[in-house]
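# Architecture and fold: a report
Below, each chain spelled out in residue letters.
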Amino acid sequence: MISKVLIANRGEIALRIARACRELGIRTIAVYSEADEQSLHVQLADEAICIGPPASAESYLRGDRIMSAAEIADVDAIHPGYGFLSENADFAEQCEACNILFIGPRSETIRKMGDKALARETVSKAGVPIIPGSDGPVENEKEALRVAKKIGFPVIIKAVSGGGGRGMRIAHNAVSFTKEFLTAKMEAEKAFGDGTMYVEKYLESPRHIEFQILADKHGKILHLGERDCSVQRRHQKVIEEAPSPFLDKSLRNRMGKIAIKAAEAAEYENAGTIEFLVDAKGNFYFIEMNTRIQVEHGVTEEATGIDLIKEQIQIADGQRLGFDQKDVILSKHAIECRICAENPAANFAPSPGEITLYYPPGGHGVRVDSHVYGGYTVSPHYDSMIGKLMTYGRTRKIALDRMYRALSEYLIRGIHTNVGLCKSIVVDPAFRQGEATTSYVEEFLKRAPKELFEPK
Ligand code: ADP
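All values reported here derive from a predicted model rather than from experimental measurement. (Residues numbered from 1 in each chain as written. Predicted model: local features only at pLDDT ≥ 70, side-chain atom pairs only at ≥ 80, totals over all residues. Heavy atoms only, no water.)

## Side note on the site of the ligand
As a reminder of what qualifies: Working definition: residue near molecule or strand if any one of its non-hydrogen atoms lies within 4 Å of it. Nitrogen and oxygen atoms within 3.5 Å of one another constitute a polar contact, given that in protein one can donate a hydrogen and the other can accept it, and given that sequence-neighbouring residues count only through two side-chain atoms. Here the accessible surface of atoms and residues is derived via Shrake-Rupley with a 1.4 Å probe, and residues count as covered only by protein chains that are part of the display. Here the nonpolar group is Ala, Val, Leu, Ile, Met, Phe, Trp, Tyr, Cys and Pro; Asp, Glu, Lys and Arg are the charged ones; every other residue, Gly included, is treated as polar. For each domain, the first and last residues come from an automatic or database assignment.
Near the ligand, the surroundings consist of 22 residues, among which Gly165, Glu200, His208, Gln232 and Glu288 are the closest. Within the side chain of Lys116, one N or O atom sits 3.1 Å away from an oxygen atom of the ligand. Within the backbone of Lys201, a nitrogen or oxygen atom sits 2.9 Å from a nitrogen atom of the ligand. Protein contact buries 95% of the 550 Å² of open area that the ligand shows by itself. Looking at the shell around the ligand residue by residue, the classes come out as seven nonpolar, eight polar and seven charged. Both of domain 2 (132-201) and domain 3 (207-453) provide at least three residues apiece to the shell around the ligand.

In structure tokens form, the structure reads like this:
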């Protein structure tokens, strides 16, 4: 029985996990860097242990320090959240070796699916459609170019260890290919310590649609429907919703079944996400699996009524999933805006600093997951996301109208944010009509007047 959990993360997700634990009657241990002493997750947890200086490499990425904290606090389990050590197979393996439950899949699964080329191969063998591309990683730029010519331009060059939209480059022709390849490789070496690359056909303006999976330790795997995450800037998600305005029942069922197949091929346990790109005709292709909770998990929670963090903890504890596929009903429409400390008018430069005034929206159908408050200082050391605003309702229109209302209420002063930009997207006719593809934001930014980007 899990009775004490260490939360190996910070920010809103650390808070989210602490809340789920409290509802389950589980004690929580927060870890924090010197920059996060005043953070809400530290205050909300039952105990807190400082693990080092502000830089992530010296704190939240230090598996050794986190393991020491776990041993000192004598916890049963570690929840890694997303980012940081959540997809670090060595860390999960260390937990296994120390008899501490890692709330996530087994280390070997993380290793297998964390290598994007190997993940492609694994699911493809199980009959999951993948985008045409190289058979596994490419040796060098010459081999990569041969593959690119064979599959036809444009192509996308990707790092097998990539994540967060980094280490990816598009090449439109053979002339620019080598330069793009070497740049992507260098970026990947720097960001992930691994410059192994693979090549895929670049799909023009697809939709990004991903399926939420839950798998218990007794062989039951279910999907909780999809999230449409097509509203992206530089391959990073900005707005997500569930269900997707593009899918009908039949395509949802087909994709859901294939997503389960992919999870089976990975011998998956716990919560995971199968990401697909979908073309205008409804053809869909696997791009990767995320072996952790996602930032955008909340829209699935609000659409289905299922608490994913609690499910994760119960699965890790060996409990059986308490419902079947037929019980999973997307009875609401939910949408999320990622609220970031950044300045859209200055090319989205991060905007750290003190929040002088903070008033989050509330009311019917509104959820705010955030660790910030008035007087909180946004640190320059971490990701610029300061919160997630979710709204939900019976229909997509209700959820979108509610989002506009909630964004209009959201007061954050002292720093720049993307609240104004989100507001203008939520009322944009193309977005409202459900037409957004992964090229949407770029196109929108070209036609949107600059003053729209500034919060009023
Ligand atoms: P990461 O792990 O860095 O998030 P993904 O493989 O999940 O990378 O891709 C992120 C985004 O990049 C996708 O949602 C999509 O917008 C774009 N992308 C990735 N692969 C392709 C492709 N083959 N064709 C077109 N767009 C792609």
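## Section: the packing of helix 4 (residues 89-97) against helix 5 (residues 107-114)
What counts, and what does not: Throughout, an axis means a line fitted to C-alpha atoms (over the contacting stretch in the case of helices), and angles, computed between N-to-C directions, take values from 0 to 180 degrees. Working definition: helices are DSSP H or I runs of at least four residues, strands are E runs of at least two. Numbering for both runs from the N terminus. By the definition adopted for this analysis, an angle is roughly parallel if under 35 degrees, roughly antiparallel if over 145, roughly perpendicular if from 65 to 115, and oblique otherwise. Note on definitions: a residue-residue contact is assigned when non-hydrogen atoms from the two residues lie within 4.5 Å.
Relative orientation of the contacting elements helix 4 and helix 5 amounts to 175 degrees, with a least axis distance of 8 Å. The angle between helix 4 and helix 5 places the two elements in the roughly antiparallel class. Taking contact as the criterion, the partners of Ala89, Asp90, Ala92, Glu93 and Glu96 in helix 4 are, on helix 5, Ser107, Ile110 and Arg111. Tallied by class, residues from the contact of helix 4 with helix 5 come to three nonpolar, one polar and four charged.

## Considering the pattern of salt bridges
Rule in force here: In the sections that follow, a salt bridge refers to a side-chain nitrogen of Lys or Arg positioned within 4 Å of a carboxyl oxygen of Asp or Glu. Note on exposure labels: buried denotes an accessible area under 20% of the residue type's maximum, exposed denotes more than 50%, and partly exposed covers the range between, all computed with a 1.4 Å probe on protein chains only.
Considering all chains together, one arrives at 39 salt bridges under this definition. Lys237 is paired through a salt bridge with Glu210; the nearest N and O atoms lie 3.0 Å apart. Of this pair, Lys237 sits in strand 11 (residues 236-242) while Glu210 sits in strand 9 (residues 207-215), and the two are 27 residues apart along the sequence. Note on accessibility: Lys237 and Glu210 belong to one class, buried. Several salt bridges share partner residues, and in doing so they unite Glu210, Arg227, Lys237, Glu240, Glu275, Glu296 and Arg338 into one network.

## Describing helix 6 (residues 116-125)
Of the positions making up helix 6, those classed as buried are Lys116, Ala117, Ala119, Arg120, Thr122 and Val123. On its buried face, helix 6 sits against helix 5, strand 6 (155-159), strand 8 (197-201), helix 9 (249-265) and strand 13 (284-290). For helix 6, the side-chain oxygen to backbone nitrogen distance between the N-cap and Ala117 is 3.0 Å, and the N-cap itself is Asp115. Gly127 occupies a position one or two residues after helix 6 and carries a positive phi of about 90 degrees.

## Overview of the packing of helix 5 against helix 6
Following both chains from N to C, one finds helix 5 and helix 6 inclined at 100 degrees, their axes separated by 5 Å at the closest point. Of the possible angle classes, the one that applies to helix 5 and helix 6 is roughly perpendicular. Residue-level contacts link Lys112, Met113 and Gly114 of helix 5 to Lys116, Leu118, Ala119, Thr122 and Val123 of helix 6.

## Some details on the pairing of strand 13
In regular strands, side chains alternate between the two faces of the sheet. Defined as follows: Should DSSP find at least two bridges between two strands, the strands are taken to pair.
The buried fraction of strand 13 amounts to six of the seven residues, a majority that puts the element mostly inside the structure. Relative to strand 13, strand 12 (residues 270-278) runs antiparallel, the two sharing six bridges. Considered in strand 13, the bridge of Glu275 is made with Glu288. Here strand 12 folds back onto strand 13 in antiparallel fashion, the turn holding five residues, of which Gly282 has a positive phi close to 95 degrees.

## Quick notes on the pairing of strand 1 (residues 4-7)
Our working definition: Note on handedness: a clockwise path from strand one over the helix to strand two, with the strands aimed away from the viewer, defines a right-handed crossover.
Side-chain alternation along strand 1 places Lys4 and Leu6 on one buried face and Val5 and Ile7 on a second face that is also buried. The sheet contact formed by strand 1 and strand 2 (residues 27-33) spans four bridges and is parallel. For Leu6, the partnering residue across the bridge sits in strand 2 and is Ile29. Handedness of the crossover is the feature at issue here: the chain leaves strand 1, passes through helix 1 (residues 11-24), returns alongside strand 2, and the resulting connection is right-handed. In this structure, strand 1 lies alongside strand 4 (residues 77-79), joined through three bridges in parallel fashion.

## Overview of empty space enclosed by the protein
Formally: Grid points spaced at 1 Å and placed over the protein atoms alone form the basis of the search, with a cavity being a set where a 1.4 Å probe fits but cannot get out and a pocket an open set showing protein on both sides within 12 Å along at least five of seven lines. Lining residues have an atom within 4 Å of a point. Grid points are joined across faces, edges and corners, and a volume is the space filled by probe spheres set on the points.
The full count for this structure, using the stated rule, is three cavities of 30 Å³ or more. Approximately 70 Å³ is the volume found for the largest cavity. Lining the largest cavity are 14 residues, and of these Asp228, Val231, Glu241, Phe431 and Ala436 lie nearest its centre. Counting only elements with at least two residues in the lining of the largest cavity, the list comes to strand 10 (221-233) and strand 11. The greatest single-element share of the lining of the largest cavity, amounting to four residues, is contributed by strand 10. Split into classes, the residues belonging to the lining of the largest cavity amount to six nonpolar, two polar and six charged. Taken as a whole, the second largest cavity holds about 50 Å³ of empty space. Classifying every residue of the lining of the second largest cavity gives five nonpolar, two polar and two charged.

## A look at the sheet that holds strand 21 (residues 385-393)
Read from one edge of the open sheet, eight strands run 13-12-9-10-11-14-21-19, paired in antiparallel fashion. Every interior strand has two partners, whereas the edge strands, strand 13 and strand 19 (366-370), have only one. Sheet twist, expressed as the average angle between the axes of neighbouring strands with direction ignored, equals 25 degrees. Strands in contact with helix 13 (residues 419-426) are strand 10, strand 11 and strand 14 (333-340); relative to strand 14, the strand with the most contacts, it is inclined by about 150 degrees.

## Re the domain arrangement of the protein chain
Entries for the protein chain in the domain assignment read domain 1 (4-103), domain 2 (132-201) and domain 3 (207-453). Each of domain 1 and domain 2 has a C-alpha centre, and the two are 34 Å apart.

## Things to note about the sheet that holds strand 2
What the five strands build is an open sheet, ordered 3-2-1-4-5; its pairing is parallel. In this open sheet, the two strands that pair with only one neighbour each are strand 3 (47-52) and strand 5 (101-102). Packed on one face of the sheet, helix 1 meets strand 1, strand 2 and strand 4 and runs near 175 degrees to strand 1.

## Examining helix 11 (residues 308-316)
Of all nine residues in helix 11, eight are buried; the element is thus mostly enclosed. Taken residue by residue, helix 11 has Leu308, Ile309, Lys310, Glu311, Gln312, Ile313, Ile315 and Ala316 as its buried positions. Where helix 11 starts, the residue carrying a side-chain oxygen 3.1 Å from the main-chain nitrogen of Ile309 turns out to be Asp307. Immediately downstream of helix 11, the backbone of Gly318 shows phi near 90 degrees, a positive value.

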